[in-house]
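For reference, the chains in residue letters:
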Amino acid sequence: MLAVSSDAVSAFIAPSSFPNLGCENDIILVGCDFSLGQYQQSLFSELNIPFPASLSRAVPKRQSEYLAGRYAAIEALARLGVTTRHIPTGEHRSPVWPKGILASITHTATTAFCVAASKQNIKYLGIDHENWLTPASVEQVKTSIINDREEQLLKRTDMPFEQAFTLVFSAKESLFKALYPAVGYYFDFSAAEITALNPAGHSFVLQLTQSLAPTLNAGASFTGKFIFDDLAVQTLICEPV
């Protein structure tokens, strides 16, 4: 990880303790754990990461998540040979990556991850990390995330339904992040459907239910991978060129 410059930095951020997703050699994945209780705005200066004006009125939680995400992203880019500490924010709050780079950031309130690769090798790339949803939360949002066919598929897996649902929610978030640069607009969870889930193999398949772009037609399938621990699940969509 990036050099720790002070006790304040080391108290705020550290390498992630989450299990390694096991990316291929041409994909870089960097994660970190961070503590909101140790956050202070001066950490931006200490880490030499620009503080965006758009965060000036944001609550400390949002500022700390942004800082941790950029911290992981800067390290991921460095491992690809790209040296920068400024990753601007573009439309819809999406990071603007250096030319020739595909990358994706995800975070919870305590962890942040960035996956990055060269566009020469990877066409679509997206990552998501979610804490396990409670049964009450699943019941509240279920109909906006999955359809009846997907629900039946999840109930046939060896995973508890709430965990399987959280995994699919995360998988669809990863797919959105992977496809958004090519699509250029927001699309609903209904735009893709889970068609296979293999807990033993830590893999899943999502299929587009509608055409999103000239090169992304209904019926296109995307295979992803996942890993989890007692607290959270992480999913990755990575399509080679």
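The structure displayed is predicted, hence computed values, not measured ones.

Right, let's talk about the sheet that holds strand β2 (residues 27-34) for a bit. Overall, antiparallel pairing links the four strands, which are arranged β1-β2-β4-β3 in an open sheet. Of all the strands in the sheet, just β1 (13-15) and β3 (101-107) have a single pairing partner and so form its edges. The sheet shows a mean angle of 25° between the axes of neighbouring strands, taken without regard to direction. Against the sheet, helix α3 (residues 60-79) contacts β1, β2, β3 and β4 (111-118), and its axis sits at roughly 150° relative to β2.

Before going further, it helps to spend a moment on the pattern of salt bridges. Inspection of every chain in the model, using the stated rule, returns eight salt bridges. Here Glu 75 makes a salt bridge to Arg 79, at a shortest N to O gap of 2.8 Å. One end of the pair, Glu 75, and the other, Arg 79, are both in helix α3, four residues apart, so they sit about a helical turn from each other. Between Glu 193 and Arg 149 there is a salt bridge whose closest N-O contact spans 2.7 Å. Here the residue Glu 193 occupies a position in strand β6 (residues 192-198), and Arg 149 occupies one in helix α5 (residues 148-155), the gap between them amounting to 44 residues. For Glu 193, a relative accessible area of 11% puts it in the buried group. If you follow the salt bridges from partner to partner, you end up with Glu 139, Lys 142, Glu 151 and Lys 155 in one network.

It is worth spelling out the side chain of Thr 235 at this point. Tracing the chain through its elements places Thr 235 in strand β9 (residues 232-240). We classify Thr 235 as buried; its relative accessible area is 0%. A distance of 2.7 Å separates the side chain of Thr 235 from the side chain of Ser 170, its partner in a polar contact. Those residues in contact with Thr 235 that lie beyond four places of it in its chain are Gly 126, Ile 127, Asp 128, Leu 167, Ser 170, Ala 171, Ser 174, Phe 204, Lys 225 and Phe 226.

Turning our eyes to something else, we now look at the pairing of strand β5 (residues 122-131). Of all the 10 residues making up β5, eight are buried; the element is thus mostly covered by neighbouring parts of the structure. One ladder, built from nine bridges, connects β5 with β9; its direction is antiparallel. Looking across to β9, one finds that Asp 128 is bridged to Thr 235.

Definitions and limits used
Residues numbered from 1 in each chain as written. Predicted model: local features only at pLDDT ≥ 70, side-chain atom pairs only at ≥ 80, totals over all residues. Heavy atoms only, no water. Pairing = 2+ DSSP bridges. Helix = DSSP H or I, 4+ residues; strand = E, 2+ residues; numbered from the N terminus. Axes fitted to C-alpha atoms, helices over the stretch in contact; angles between N-to-C directions. Contact = heavy atoms within 4.5 Å. Salt bridge = Lys/Arg side-chain N within 4 Å of Asp/Glu carboxyl O. Buried < 20%, exposed > 50% of the residue type's maximum accessible area, 1.4 Å probe, protein only. Polar contact = N/O pair within 3.5 Å; in protein donor to acceptor, adjacent residues only side chain to side chain.

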